Amino acid sequence: MLAIRLPEEIENRLEALSKATGRTKTYYAREAILEYLDDLEDLYLAQQRLADLRAGRSSAIPLEEVMKKYGLAEGS
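In this text the structure is predicted, and so the values were computed from the model without any measurement. (Residues numbered from 1 in each chain as written. Predicted model: local features only at pLDDT ≥ 70, side-chain atom pairs only at ≥ 80, totals over all residues. Heavy atoms only, no water.)

Quick word on the overall build of the protein chain
Helix and strand content of the protein chain: three helices and zero strands. Walking the protein chain from its N terminus toward its C terminus, one meets helices and strands in the order α-α-α. The globule rule puts the C-alpha radius of gyration for 76 residues at 11 Å, and the 21 Å found for the protein chain is more than 25% above it. The C-alpha extent of the protein chain, read off along each of the three principal axes, is 50 × 35 × 20 Å. With 76 residues in all, the protein chain has 5% of them scored as buried. If you sum the accessible surface of the protein chain, you get close to 7200 Å²; carbon and sulfur atoms cover 55% of it. (Helix = DSSP H or I, 4+ residues; strand = E, 2+ residues; numbered from the N terminus. Rg over C-alpha atoms; globule rule 2.2 N^0.38 Å. Buried < 20%, exposed > 50% of the residue type's maximum accessible area, 1.4 Å probe, protein only. Areas by Shrake-Rupley, 256 points an atom, 1.4 Å probe, with all protein chains shown as cover.)

Pasting the structure below:
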(Lines give C-alpha, C1' and ligand atoms only; values in the text may rest on other atoms or scores of the structure.)
Protein backbone atom coordinates (compact mmCIF):
# COMPACT_ATOMS: atom_id res chain seq x y z
CA MET A 1 0.00 0.00 0.00
CA LEU A 2 1.26 3.43 -0.90
CA ALA A 3 -0.30 6.80 -0.16
CA ILE A 4 1.07 9.94 -1.78
CA ARG A 5 0.14 13.59 -1.72
CA LEU A 6 0.25 15.29 -5.08
CA PRO A 7 0.31 18.98 -5.87
CA GLU A 8 -3.18 20.21 -6.79
CA GLU A 9 -2.23 20.79 -10.44
CA ILE A 10 -1.07 17.20 -10.87
CA GLU A 11 -4.09 15.86 -8.99
CA ASN A 12 -6.37 17.86 -11.29
CA ARG A 13 -4.63 16.58 -14.41
CA LEU A 14 -4.83 13.02 -13.15
CA GLU A 15 -8.51 13.43 -12.31
CA ALA A 16 -9.28 14.87 -15.76
CA LEU A 17 -7.43 12.05 -17.49
CA SER A 18 -9.24 9.50 -15.38
CA LYS A 19 -12.64 10.94 -16.21
CA ALA A 20 -11.83 11.29 -19.91
CA THR A 21 -10.66 7.69 -20.29
CA GLY A 22 -12.72 5.80 -17.74
CA ARG A 23 -9.62 4.46 -16.04
CA THR A 24 -8.81 4.98 -12.39
CA LYS A 25 -6.28 7.44 -11.04
CA THR A 26 -4.60 4.45 -9.42
CA TYR A 27 -4.16 2.85 -12.85
CA TYR A 28 -2.34 5.91 -14.19
CA ALA A 29 -0.23 6.35 -11.05
CA ARG A 30 0.83 2.70 -11.25
CA GLU A 31 1.67 2.97 -14.96
CA ALA A 32 3.72 6.13 -14.38
CA ILE A 33 5.67 4.53 -11.54
CA LEU A 34 6.38 1.39 -13.56
CA GLU A 35 7.57 3.42 -16.54
CA TYR A 36 9.87 5.49 -14.33
CA LEU A 37 11.22 2.41 -12.56
CA ASP A 38 12.04 0.82 -15.92
CA ASP A 39 13.97 3.94 -16.90
CA LEU A 40 15.82 4.08 -13.57
CA GLU A 41 16.75 0.39 -13.76
CA ASP A 42 18.06 0.86 -17.32
CA LEU A 43 20.09 3.89 -16.24
CA TYR A 44 21.53 2.05 -13.23
CA LEU A 45 22.50 -0.94 -15.39
CA ALA A 46 24.16 1.34 -17.97
CA GLN A 47 26.11 3.14 -15.23
CA GLN A 48 27.26 -0.18 -13.76
CA ARG A 49 28.35 -1.48 -17.16
CA LEU A 50 30.27 1.73 -17.87
CA ALA A 51 31.98 1.55 -14.48
CA ASP A 52 32.93 -2.09 -15.14
CA LEU A 53 34.29 -1.15 -18.56
CA ARG A 54 36.34 1.74 -17.18
CA ALA A 55 37.67 -0.41 -14.33
CA GLY A 56 38.73 -3.16 -16.73
CA ARG A 57 36.23 -5.69 -15.32
CA SER A 58 34.62 -6.06 -18.75
CA SER A 59 35.41 -5.24 -22.35
CA ALA A 60 33.56 -3.68 -25.25
CA ILE A 61 32.63 -5.53 -28.42
CA PRO A 62 32.56 -3.50 -31.64
CA LEU A 63 29.08 -3.15 -33.17
CA GLU A 64 30.41 -4.52 -36.44
CA GLU A 65 31.41 -7.75 -34.68
CA VAL A 66 28.03 -8.13 -32.98
CA MET A 67 26.17 -7.57 -36.24
CA LYS A 68 28.33 -10.15 -37.99
CA LYS A 69 27.83 -12.67 -35.18
CA TYR A 70 24.05 -12.40 -35.41
CA GLY A 71 23.86 -12.17 -39.20
CA LEU A 72 22.70 -8.58 -39.32
CA ALA A 73 23.57 -6.58 -42.38
CA GLU A 74 25.09 -3.17 -41.75
CA GLY A 75 22.53 -0.40 -42.25
CA SER A 76 19.52 -2.73 -41.86
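Past the structure itself, the notes keep going.
Concerning the pattern of salt bridges
Should their charged atoms come close, side chains of opposite charge can pair. Counted according to the given criterion, the structure contains four salt bridges. Two residues, Glu 15 and Lys 19, come together in a salt bridge whose shortest N-O distance is 3.9 Å. Of this pair, Glu 15 and Lys 19 both sit in helix H1 (residues 8-21), four residues apart, roughly one helical turn. The class for Glu 15 is partly exposed, based on a relative accessible area of 27%. (Salt bridge = Lys/Arg side-chain N within 4 Å of Asp/Glu carboxyl O.)

Quick look at a negative patch on the surface
A contiguous patch of negative charge, built from Glu 31, Glu 35, Asp 38, Asp 39, Glu 41 and Asp 42, is present on the exposed surface. With respect to the helices and strands, the residue Glu 35 is situated in helix H2 (residues 25-54). (Patch = residues over 30% accessible without salt bridge, like charges linked within 9 Å, V, L, I, M, F, W, Y side chains within 5 Å. Lys, Arg positive; Asp, Glu negative; His and termini not counted. Charge placed at Lys NZ, Arg CZ, Asp CG, Glu CD.)

Side note on H2
When the terminal C-alpha atoms of H2 are compared, their 43 Å separation across 30 residues agrees well with the 44 Å that a helix rising 1.5 Å per residue should span. Phi turns positive, to about 80°, at Gly 56, one or two residues after H2. (Expected span 1.5 Å × (residues − 1).)

Concerning the environment of Ile 33
Mapped onto the secondary structure, Ile 33 falls in helix H2. You can call Ile 33 partly exposed: its relative accessible area is 38%. Between the alpha carbons of Ile 33 and Leu 6 there is a distance of 14 Å; along the sequence they are 27 residues apart.

Looking at H1
The α-helix winds at 3.6 residues per turn, so residues separated by three or four positions along the chain end up facing the same way. The terminal C-alpha atoms of H1 lie 20 Å apart, and with 14 residues this matches the ideal 20 Å at 1.5 Å per residue to within 8%. Trailing H1 by a residue or two, Gly 22 shows a phi angle of about 80°, which is positive.

Notes on the environment of Thr 24
For Thr 24, the location among the structural elements is in the loop between H1 and H2. Looking at Thr 24, the relative accessible area reads 49%, which means it is partly exposed. The spatial distance from the C-alpha of Thr 24 to the C-alpha of Gly 71 is 46 Å, given a sequence separation of 47 residues. Within the local environment of Thr 24, its side chain forms a polar contact with the backbone nitrogen of Tyr 27, the two atoms lying 2.9 Å apart. (Polar contact = N/O pair within 3.5 Å; in protein donor to acceptor, adjacent residues only side chain to side chain.)

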